[in-house]
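# A structural walkthrough
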Amino acid sequence: MIARLFVLLCVVAWPIAKWPLSEFSGSPGSKRPPEFRTQAIEVQVTLSAEDTQHRIISNLSRQDFTVLEDGKPVPDIAAFHTSFDLPLRLALLLDGSTSMQKGFAGGERAAQDFVSRVVRPSTDSLVLVEFSNQAMFSDAPSGRPDLIFADLRPPRAGALTALYDALYETSLKMLLTRNENEPEKSVIVLFSDGEDDLSMHNLQQAIEIADRADISIYAITAHTTRKTHPGDAVLRQLADSTGGRAFILRTYEDSDQALAAVEQELRTQYTVSFRPHTATGCGYHRLAVVPIDHQLHIRARDRYYRCPPDAGPAGP
């Protein structure tokens, strides 16, 4: 079970602009992502719930689950409430590698429809990331998220793919521009086959920086269901580790159904806040949101990273 944490940000209202992946100050060769200090004394976990038929539960109560930190019940639940109206920070990542070129038009159309339904111009923010051997970022103009697709051109196919770098730098951008004083949801919707043969970062580093930025990753791919593709396991790990979902479709024409499920989940989520066992030291802490009724499935992030301002350096 995966415990999902969202830290927050006001609406980003930048004009459409593009810049290369290398502009950001990541350190691909480093052992771990950059260290960020937080003033927060409470941990916020965003979660969703469904029944055995995969139907979203819209009336979850505080009595329906227990929160465990490092295997122990948390000492104090400070708050529990629905979070469907929180500001949304959405990053839409489109894989432009050669292997993604065939049949992706349906996925692009579904993504545009999803943005028009989900992104509220006065409340939410949107960034479009097109990547293959490098990534280019486009921010939606203030009040007109739909115009971001006017700047979209068919990506020039690349023989090599830097998926992990694109995820890392997207998460880092969202982390550096977050506002810890306002609650929000941070989400990446990724269209990719999950293959990477160029990145300087690895899969674990991509997951760790998404954890620190409190981002949930929803991954969508499409291929024949008669065989398993190597990238499927990568996409599932990205989604499961961050509290999102992975959709393995037969064709990208089915993307609208997957995105409708993402939309429903984003509209039916809950936030639980608790005080951690200890407020000292930097590092990861395991999280589990355990349902009381075993017929219930709760999807949330499985860990969080915390580094108080007065803490010493993080361990390796």
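Residues numbered from 1 in each chain as written. Predicted model: local features only at pLDDT ≥ 70, side-chain atom pairs only at ≥ 80, totals over all residues. Heavy atoms only, no water.

Here helix α2 (residues 163-176) spans 20 Å end to end across 14 residues, near enough to the 20 Å set by a 1.5 Å rise per residue. The element α2 is largely enclosed, with a buried count of 13 among its 14 residues. (Helix = DSSP H or I, 4+ residues; strand = E, 2+ residues; numbered from the N terminus. Expected span 1.5 Å × (residues − 1). Buried < 20%, exposed > 50% of the residue type's maximum accessible area, 1.4 Å probe, protein only.)

Our next topic: the confidence of the model for the protein. Chain-level statistics for the protein give a pLDDT mean of 81 and a share of 80% at 70 or above. No element of the protein has a lower mean pLDDT than strand β1 (residues 18-20), which averages 42, and none a higher one than α2, which averages 96. Within the model, pLDDT remains below 50 along residues 1-25, and this stretch shows 124 contacts once partners closer than five positions in the same chain are excluded. (pLDDT = per-residue confidence, 0-100. Contact = heavy atoms within 4.5 Å.)

Once that is clear, we can look at the packing of helix α1 (residues 105-118) against helix α5 (residues 255-267). At their nearest, the axes of α1 and α5 sit 9 Å apart, and the two run at 25° to each other. Looking at the two axes, α1 sits roughly parallel to α5. Taken as a pair, α1 and α5 cross one another with a handedness that is right-handed. Together, Gly-107, Ala-110, Ala-111, Phe-114, Arg-117 and Val-118 of α1 and Ser-255, Asp-256, Leu-259, Ala-260, Val-262, Glu-263, Leu-266 and Arg-267 of α5 make up the contact between the two elements. The residue inventory of the contact of α1 with α5, partitioned by class, reads eight nonpolar, two polar and four charged. (Axes fitted to C-alpha atoms, helices over the stretch in contact; angles between N-to-C directions. Parallel < 35°, antiparallel > 145°, perpendicular 65-115°, else oblique. Left-handed = near helix turned anticlockwise from the far one by under 90°. Nonpolar A, V, L, I, M, F, W, Y, C, P; charged D, E, K, R; others polar.)

Our next topic: the sheet that holds strand β15 (residues 303-306). Across the sheet, which stays open at both edges, the four strands sit in the order β4-β3-β13-β15 with antiparallel pairing between neighbours. Looking along the sheet, the strands with just one partner apiece sit at the ends: β4 (72-73) and β15. The sheet contact formed by strand β13 (residues 283-291) and β15 spans four bridges and is antiparallel. When the sheet's bridge partners are listed, Arg-286 is paired in β15 with Arg-303. (Pairing = 2+ DSSP bridges.)

What follows concerns the packing of aromatic side chains. Taken as a whole and assessed by the stated rule, the structure comprises seven aromatic pairs. Their ring planes at 45° and their centres at 6.4 Å tell us that Phe-191 and Tyr-252 sit as a pair that is tilted. Taken as a pair, Phe-191 in strand β9 (residues 185-191) and Tyr-252 in the loop between β11 (246-249) and α5 lie far apart in primary sequence, 61 residues in all. Among the residues examined, Tyr-252 registers a relative accessible area of 5% and is labelled buried. A ring pair is formed by Phe-274 and Tyr-304, whose centres lie 6.5 Å apart and whose planes are at 80°; its orientation type is edge-to-face. On the criterion of sequence distance, the pair formed by Phe-274 in strand β12 (residues 270-275) and Tyr-304 in strand β15 is long-range, its members being 30 residues apart. By the burial criterion, Phe-274 is buried, and Tyr-304 matches it. Taken together, the ring pairs connect Phe-65, Phe-80 and Tyr-270 into an aromatic cluster. Across from the ring centre of Tyr-284, 4.1 Å away, lies the NZ or CZ of Arg-303, which sits over that ring. (Phe/Tyr/Trp six-rings, centres within 6.5 Å; stacked < 30°, edge-to-face > 60°. Lys NZ or Arg CZ within 6 Å of the ring centre and 35° of its normal.)

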